[in-house]
Number of protein chains: 2
Amino acid sequence: MGAQPTISDVADAAGVSRQTVSNVLNAPDVVRPETRERVQHAITHLGYRPHASARRLRTQKSSTIGIRLDPITTDGISGSILDRFLHALTEQADRKNLRMLLFTATGPEDEIAQFQRLSEGADVDAFVLTSTFHGDPRTEWLIEHGQSFVTFGRPWGIDDMADPEHLWVDVDGCHGLREATTHLLTTGARRVGFIGWPTGSGTGDDRRRGWLEAMREGSGLGDAGLRTLEVAAEDGVNDGADAMRRLEKAAGTVDAVVCVSDSLALGALMAAGGRIPVVGYDNTPVAASIGFSSVEQPLDEVAAGVLELLTGAHGGRVRPGTEVTDPRHRLVAPRLVVREGPSVIAAAR
Amino acid sequence: MGAQPTISDVADAAGVSRQTVSNVLNAPDVVRPETRERVQHAITHLGYRPHASARRLRTQKSSTIGIRLDPITTDGISGSILDRFLHALTEQADRKNLRMLLFTATGPEDEIAQFQRLSEGADVDAFVLTSTFHGDPRTEWLIEHGQSFVTFGRPWGIDDMADPEHLWVDVDGCHGLREATTHLLTTGARRVGFIGWPTGSGTGDDRRRGWLEAMREGSGLGDAGLRTLEVAAEDGVNDGADAMRRLEKAAGTVDAVVCVSDSLALGALMAAGGRIPVVGYDNTPVAASIGFSSVEQPLDEVAAGVLELLTGAHGGRVRPGTEVTDPRHRLVAPRLVVREGPSVIAAAR
DNA sequence: CTGTTAGCGCCTTCAA
DNA sequence: TTGAAGGCGCTAACAG
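All values reported here derive from a predicted model rather than from experimental measurement.

Chemist: Even after reading the chapter, I still don't get the packing of aromatic side chains, so can you show me in this structure?
Modeler: The description of two aromatic rings rests on the distance between their centres and on the angle between their planes. Overall, the coordinates contain 12 aromatic pairs over all chains when judged by the stated rule. Each ring, one from F115 of chain A and one from F127 of chain A, has its centre 4.7 Å from the other, and the planes form 55°; the classification is tilted. One end of the pair, F115 of chain A, is in helix α6 (residues 108-120); the other, F127 of chain A, is in strand β3 (residues 126-129), and 12 residues separate them in sequence. Take F115 of chain A: its relative accessible area is 0%, and that puts it in the buried class. Overall, the relative accessible area of 0% leaves F127 of chain A in the buried class. Look at F103 of chain B and F127 of chain B: their rings are 6.1 Å apart centre to centre, the planes differ by 85°, and that puts the pair in the edge-to-face class. On the criterion of sequence distance, the pair formed by F103 of chain B in strand β2 (residues 99-103) and F127 of chain B in strand β3 (residues 126-129) is long-range, its members being 24 residues apart. Judged on exposure class, the residue F103 of chain B and its partner F127 of chain B are both buried. Through a chain of ring-to-ring contacts, three or more aromatic side chains come together here, namely F103, F115, F127 and W141 of chain A. Over the ring of Y281 of chain A we find R207 of chain A, and its NZ or CZ is 3.5 Å from the ring centre.

Chemist: What's the story with the protein's contact with DNA strand C in this structure? I'm lost.
Modeler: Taken together, 24 residues form the shell around DNA strand C, and within it T35 and R58 of chain A together with I7, Y48 and R58 of chain B come nearest. Backbone atoms, meaning sugar and phosphate, form 62% of the atoms of DNA strand C found within 4 Å of the protein. Within the side chain of N26 of chain B, a nitrogen or oxygen atom sits 3.2 Å from a phosphate oxygen of DNA strand C. At 3.0 Å from a phosphate oxygen of DNA strand C is found a main-chain nitrogen or oxygen belonging to H51 of chain B. It is helix α2 (residues 18-26) of chain B that contributes the most residues to the surface near DNA strand C, four residues altogether.

Chemist: Could you clarify how one ought to interpret the sheet that holds strand β2 (residues 99-103) of chain A in this entry?
Modeler: Sheet architecture is open: 12 strands sit in the order β11(A)-β5(A)-β4(A)-β3(A)-β1(A)-β2(A)-β2(B)-β1(B)-β3(B)-β4(B)-β5(B)-β11(B), paired in mixed fashion. Strands at the two margins of the open sheet, each flanked by one partner only, are β11 (329-332) of chain A together with β11 (329-332) of chain B. Sheet twist, expressed as the average angle between the axes of neighbouring strands with direction ignored, equals 20°. Sheet analysis places β3 of chain B next to strand β4 (residues 149-152) of chain B, joined by three bridges and oriented parallel. Residue pairing in the sheet places F127 of chain B in a bridge with F149 of chain B of β4 of chain B.

Definitions and limits used
Residues numbered from 1 in each chain as written. Chains lettered and ligands numbered in written order. Predicted model: local features only at pLDDT ≥ 70, side-chain atom pairs only at ≥ 80, totals over all residues. Heavy atoms only, no water. Phe/Tyr/Trp six-rings, centres within 6.5 Å; stacked < 30°, edge-to-face > 60°. Helix = DSSP H or I, 4+ residues; strand = E, 2+ residues; numbered from the N terminus. Buried < 20%, exposed > 50% of the residue type's maximum accessible area, 1.4 Å probe, protein only. Lys NZ or Arg CZ within 6 Å of the ring centre and 35° of its normal. Near = heavy atom within 4 Å. Polar contact = N/O pair within 3.5 Å; in protein donor to acceptor, adjacent residues only side chain to side chain. Pairing = 2+ DSSP bridges. Axes fitted to C-alpha atoms, helices over the stretch in contact; angles between N-to-C directions.

What follows is the structure, given as structure tokens:
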């Protein structure tokens, strides 16, 4: 450790003024190459590094993004996707010289209090939210207080794509399930069942739509037939198993199943004893280790999109009166990870 | 938003000097009550909040703790425990007015580079590491450069408890497996098998010891018999299933099994078709949703310990010449979460 | 292209 | 108990 060298030390060592050093760092093209090199040499020689707080004080920006760590989901295996998103975000933020600051909250009001605390204390100058809905008090507060933010997930309002105030990035779940279903159909399956969440969740309804469209186009089944191939469940392995049994009872033969989550898929797989292919969603470690196919969200792309929106033209904030020229929303396509099937379960029988 | 009020604004509003405001904030007992109240009123009225960067610049401390987000573990379900630890840490740090800053690294050297960057830039003034070993280059670098840090996990050196330079908090895995094994023995099981990792990992060997000791004391089996009840595997569901089959082949009857991880436990459970009780480790969401017992790490306690060590007497750093009076290490006991058994798997048969 | 000057908002001396 | 200076390390304006 020892005392860190300051910009003055570097200036002295290089025989220039402090300002020139600052220029070398922040506007290199404005300094004559030979001077620049001399300064650079002094910097590396002394091991100088700009003092983050001093810079932030001076520039009035923290270059730090706040993100809330969700409360633990006891059930459901899908908690890990947030983890992976966070990882992607941190990694890419780092490349843009942005830092990620964590916080927790016990509920929406508490979260708003945290927004206030972190923004007013200049700890953070933007937020990333992970799941929001239309009329969410949190986004309303952020918009109202002119805070920069981008959400991972659509607000699921009437007209998301046109909403100029709420920047978001989301994964096209409809497309994902359509692809999964189509894949199963090309494999020879015809009666592909669907295990989803109860109607009402934007995400779940969107994914269901993907299955429905693919089936209408490719299965040759009518709507009445399709209705028996569909069943709703809460998220959880036991719920998935239960749903599978209900599905088999209602539909008679089922050639394959697509699910809105890996937890449900695991349950379905177990209940079916591994006899038919099951496709999950999120491509969690369980899917990988048990060996069933799953729709993977491209979290790197999502993270990149979030950062671009945040650092882009509007800097995550909408300037009133600005024309909506550049995209404020981004919908990325997931991809299907195809796996052979569950060797473990088969072996267990 | 708008411009945040500064300390001067508050001073003007309250009719005092800036200094008095500062005192009200940092040394309230030195200001006359009535003045204090007037200032407090002005603070809340104006919505004043001290500027974090300004304070950090002045005090030369960031009050921020850096933690590396581990690369994603594709296999193994246990990734979520780090998640929960991070959550506990963030929550408790917040109460102490400390912030958690994330970073990622591609490997040990890169991580050291990050240490350097973050510490020299005064972004962070302490680190939390999540898994270290004896002679780990990262801890060596941190010690050498006088950086504050605490690890979650023993260094697994010869004499951990006496090492005065490396502060750590860990979970007593030996105790955890002993408890799990004893529980199974009291339930009536006698031949309790053990599925562990290959010898050599400190954590794994420690947990194995717990099983071994409990069996020696309570099973009435001799060492020769015990040897057939033990099998090693990498971490993963398929590995667990495979291990279970090997175990049954080698040992003949097995009444129950304890495993060093939930992934292994899940595999074992499936291979055994849910016929015998299996106990896992980490109490991950899978254990909860499938419904098997598991040893839970008390991550809240770990987080609390880490922060206490960090903010305690030595502030995470060892002052040379200081007597070793207060504890520099902390070993917390996990607890067994008992569950009925896997209804899903039983039903699937 | 380089140097000088003037703070960013806060806290730590010291004096009153 | 309160007030008046000074400076933490940096960068944005200018002036040379």
